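Residue-level listing of the chains:
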Amino acid sequence: MVGSVLHIWVLPFPSSSLLRKSYRLISYTNAYGVYNDFYVREYLSPKYTSSQISWIGSVQLLLVLSGGLLSGRGFDAGYFYHLTIGGVTLFVFCLFMLSISQAGQYYQVFLAQGLGMGIAIGITYVPCLAIISHYFMRRRSLALGIASSGSAIGGAIQPIMLNSWFHGSLGFHQGVRASAAFNAALLIIAICLMRPRLPPKPDGGSPFRSLRIFIVDVPYMIVVLGTTLSTAGSYFPIFFLQLNAVLNGIEANLAFYTLTILNAASALGRIVPNLFAYRFGVFNAIIPSTAATGVLIFCLLAVHNVAGTFVFAVLYGFCSGAQIGLIAPMVASLSKQDEVGARLGICFFYTGFGGLIGSPIAGALLSSSFIWWRPILFSGLCVLAGSLSFGITRIFVARRKQTQWV
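Predicted model only: the values in this text are computed from it and were never measured.

Conventions used here
Residues numbered from 1 in each chain as written. Predicted model: local features only at pLDDT ≥ 70, side-chain atom pairs only at ≥ 80, totals over all residues. Heavy atoms only, no water. Helix = DSSP H or I, 4+ residues; strand = E, 2+ residues; numbered from the N terminus. Buried < 20%, exposed > 50% of the residue type's maximum accessible area, 1.4 Å probe, protein only. Areas by Shrake-Rupley, 256 points an atom, 1.4 Å probe, with all protein chains shown as cover. Salt bridge = Lys/Arg side-chain N within 4 Å of Asp/Glu carboxyl O. Core = buried A, V, L, I, M, F, W, Y, C linked by side-chain atoms within 4.5 Å. Contact = heavy atoms within 4.5 Å. Expected span 1.5 Å × (residues − 1). Bend = angle between axes of the 7 residues up to and from the residue. Axes fitted to C-alpha atoms, helices over the stretch in contact; angles between N-to-C directions. Parallel < 35°, antiparallel > 145°, perpendicular 65-115°, else oblique. Left-handed = near helix turned anticlockwise from the far one by under 90°. Nonpolar A, V, L, I, M, F, W, Y, C, P; charged D, E, K, R; others polar. Polar contact = N/O pair within 3.5 Å; in protein donor to acceptor, adjacent residues only side chain to side chain. pLDDT = per-residue confidence, 0-100.

**Digging into the overall build of the protein chain**
Part 1 of the reasoning: Along the backbone of the protein chain there are 18 helices and zero strands.
Part 2 of the reasoning: A burial count over the protein chain gives 61% of its 406 residues as buried.
Part 3 of the reasoning: Total accessible area on the protein chain is roughly 15100 Å²; 70% of this is exposed by carbon and sulfur atoms.

Now the structure itself:
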C-alpha cells in the first residue's frame with residue numbers, strides 16, 4: 001500500500017522531466033528565445049528578418065500543441081510507450097541534425113528545429129500530461145502543476161547552458177551536440193520511470209468523431225478559443241525578451257539570464273496557483289492569472305533598464321506559468337476520466353494555431369526597426385481576450401455545477 005502511494009506521488013516528477021521537452025509547458029520551446037536571439041543577431045542575419053526567423057519557433061509550437069490531436073487518442077488507446085519512445089528518438093536525432101546545419105541556411109534550421117523537433121515534442125506532450133490523470137482525481141490540478149513545472153525548471157537551466165555554449169568555447173554546433181546528449185540521458189530516465197495505470201480505452205475511434213461530440217459542449221469550445229487567443233500572445237515575451245534586453249543596451253552577460261529568471265519564476269507559477277485551484281476551483285485561479293499576464297505584457301513598454309527587465313521577468317514568469325500550468329487541469333475539469341487525452345489533444349490542436357500565427361505577427365509588427373509598442377499591443381490584447389473567454393466559460397460551469405467554486 002505504501003509503495004503504491006509512493007509511486008503515485010513520485011510519478012509527476014519523472015513526467016516533469018519528460019515534459020521539459022514539450023509546449024502553453026516545454027523547456028526547448030521556452031528556451032527558443034536563446035536560439036531566436038542568436039539567429040536574429042548572428043546565425044541567420046542579415047539575410048532573414050525577425051518575422052521570418054520567428055516562423056521556426058511558431059511552427060514548432062504549432063506542431064507541439066497540434067500533435068496532441070493524434071497523440072491524445074493514441075494515449076487513450078494504449079500506445080503511451082510507442083509515442084514517447086518514438087518522440088524522444090526523433091527529438092534527439094533532430095538536435096544532432098541542427099548541429100550540422102550551416103550559417104545562413106534557413107531551410108536546414110527550419111526542417112530540423114521547426115518541423116522535426118516540433119513533431120517529436122508534439123507526440124510526447126499530451127501523453128505525458130494525460131498519464132498524470134490516471135493517478136489523480138481530487139488533487140489532479142496540483143499533480144499536473146508539479147509535472148508541468150518540469151518544463152519551466154528545464155527552461156531555466158537550458159538558457160544558461162545554451163548561452164554559455166553558443167557564446168563560449170564550444171560554439172553553436174558543438175553546443176547543440178552537447179545539449180542533445182544531455183537531454184537524451186534525461187529522457188531515457190523519464191521513460192523508464194513512467195507507467196500508465198488504466199487499461200486502454202476500447203474502440204478509440206477517429207479523433208474527428210470525438211471532435212463532433214465535443215464541439216456541442218459550449219463551455220469546452222469557449223475554453224479552446226480562450227487558450228488559442230492567450231497562446232497567440234503569451235509567447236511574445238518568452239521569444240523576444242532576451243533580444244529586447246540586448247537591444248536596450250543591457251550587458252550581454254546579464255541579458256542572457258533573463259529567460260532563466262523568467263522560467264524559474266514560471267516553475268513556481270505552475271505549482272503555487274494549483275494549490276488554490278484545488279481548494280477554490282481551477283477557473284477561479286486561471287482567470288486572474290491570465291488577466292495579469294496580459295497586463296504585464298503592456299508593462300513591457302516601460303521596461304528599459306536592468307532592474308525593470310529582471311522585475312518583469314520574475315512577475316511575467318510567475319503569472320504566465322500559472323496560466324500555462326492551469327490549462328490542462330481546466331480542460332480535465334470539463335472531461336470524464338477516460339476522455340482526458342482526447343479533449344486535451346483537440347484543445348491543443350487548435351491552440352497550436354494560436355502559437356503558429358502569434359510570434360510571426362509579433363515579429364512582423366516589430367519589424368527591422370524594432371518598434372516594440374506594436375507587438376506588445378497585439379500580444380497583450382490577445383491574452384486579455386483569452387482571459388475574457390475563460391470568464392465566460394466559468395459562468396456556464398458555475399451554473400451547471402451550482403457552485404461558485406469552479
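Here the narrative resumes.
**Overview of the pattern of salt bridges**
Part 1 of the reasoning: In this structure the tally under the stated criterion is three salt bridges.
Part 2 of the reasoning: In this structure, the salt-bridge partner of arginine 41 is aspartate 37, at a minimum N-O distance of 2.6 Å. On the criterion of helical spacing, the pair formed by arginine 41 and aspartate 37 is a turn pair, its members being four residues apart in helix H4 (residues 32-43).
Part 3 of the reasoning: What makes arginine 41 partly exposed here is its relative accessible area of 33%.
Part 4 of the reasoning: A residue is classified by how much of its surface remains accessible, and aspartate 37, at 0% relative accessible area, is buried.
Part 5 of the reasoning: Residues aspartate 217 and arginine 400 are paired through a salt bridge, measuring 3.6 Å at the closest nitrogen-oxygen approach. Of this pair, aspartate 217 sits in the loop between helix H11 (207-214) and helix H12 (218-247) while arginine 400 sits in helix H18 (residues 373-401), placing them 183 residues apart in sequence.
Part 6 of the reasoning: Residue aspartate 217 is classed as buried on the basis of its relative accessible area of 13%.

**Quick notes on the nonpolar core**
Part 1 of the reasoning: Ranked by internal contacts, the top residues of the largest apolar core, which has 106 residues, are Tyr35, Tyr39, Phe166, Phe172 and Phe283.
Part 2 of the reasoning: Look past the residues within four positions of phenylalanine 283 in its chain and what remains in contact with it is Val223, Pro288, Met330, Ser333, Leu334, Phe390, Thr393, Arg394, Val397 and Val406.

**Considerations on the environment of valine 176**
Part 1 of the reasoning: Note on placement: valine 176 falls in helix H10 (residues 171-193).
Part 2 of the reasoning: Judged by its relative accessible area of 0%, valine 176 is buried.
Part 3 of the reasoning: Here the alpha-carbon distance between valine 176 and methionine 161, two residues 15 residues apart in the chain, equals 10.0 Å.

**Regarding helix H8 (residues 106-133)**
Count 3.6 residues to each turn of an α-helix, and residues three or four apart come out pointing the same way.
Part 1 of the reasoning: The terminal C-alpha atoms of H8 lie 40 Å apart, and with 28 residues this matches the ideal 40 Å at 1.5 Å per residue to within 8%.
Part 2 of the reasoning: Along H8, the largest kink reaches about 30° and is centred on methionine 117.
Part 3 of the reasoning: Buried residues dominate H8, accounting for 23 of its 28 residues.

**Some words on the packing of helix H5 (residues 50-66) against H12**
Part 1 of the reasoning: Closest axis-to-axis distance for the H5/H12 pair is 12 Å, and the angle between their directions is 125°. Classed by the angle they form, the pair H5 and H12 counts as oblique. Relative to H12, the crossing made by H5 is right-handed. Residues Ser50, Ser54, Gly57, Ser58, Leu61 and Leu65 of H5 pack against Thr231, Tyr235, Phe239 and Phe240 of H12.
Part 2 of the reasoning: Tallied by class, residues from the contact of H5 with H12 come to five nonpolar, five polar and no charged.

**A word on H18**
Part 1 of the reasoning: Between the first and last C-alpha of H18 there are 42 Å, a value that for 29 residues agrees with the 42 Å anticipated at 1.5 Å per step.
Part 2 of the reasoning: The first or second residue beyond H18 is glutamine 402, which carries a positive phi of 55°.

**So, the packing of H12 against H18**
Part 1 of the reasoning: Running from N to C, H12 and H18 cross one another at 160°; their axes reach a closest spacing of 7 Å. Relative to H18, the element H12 is oriented roughly antiparallel. The element H12 and its partner H18 pack so that their crossing is left-handed.
Part 2 of the reasoning: For the contact of H12 with H18, the per-class residue count stands at 18 nonpolar, nine polar and one charged.

**Here's the deal with unusual backbone geometry**
Part 1 of the reasoning: Of note, the amide linkage connecting serine 45 to proline 46 takes the cis form, showing an omega dihedral of 0°.
Part 2 of the reasoning: Of note in the backbone geometry, phenylalanine 370 takes a positive phi value of approximately 55° without being a glycine.
Part 3 of the reasoning: In this model, glutamine 402 sits at a positive phi of 55°, which is unusual for a non-glycine residue.
Part 4 of the reasoning: Among the structural elements, glutamine 402 can be located in the segment after H18.

**Points about the side chain of serine 230**
Part 1 of the reasoning: The topology assignment puts serine 230 in helix H12.
Part 2 of the reasoning: Given a relative accessible area of 0%, serine 230 falls into the buried group.
Part 3 of the reasoning: For serine 230, the side chain forms a polar contact with the side chain of glutamine 323, separated by 3.1 Å.

**Description of the confidence of the model for the protein chain**
Close inspection of predicted coordinates is inappropriate for parts of the model with low pLDDT.
Part 1 of the reasoning: Put simply, the protein chain has an average pLDDT of 84, and 89% of its residues get 70 or more.
Part 2 of the reasoning: With pLDDT under 50 throughout, residues 1-25 is counted as low confidence; its partners more than four residues away or in other chains account for 93 contacts.

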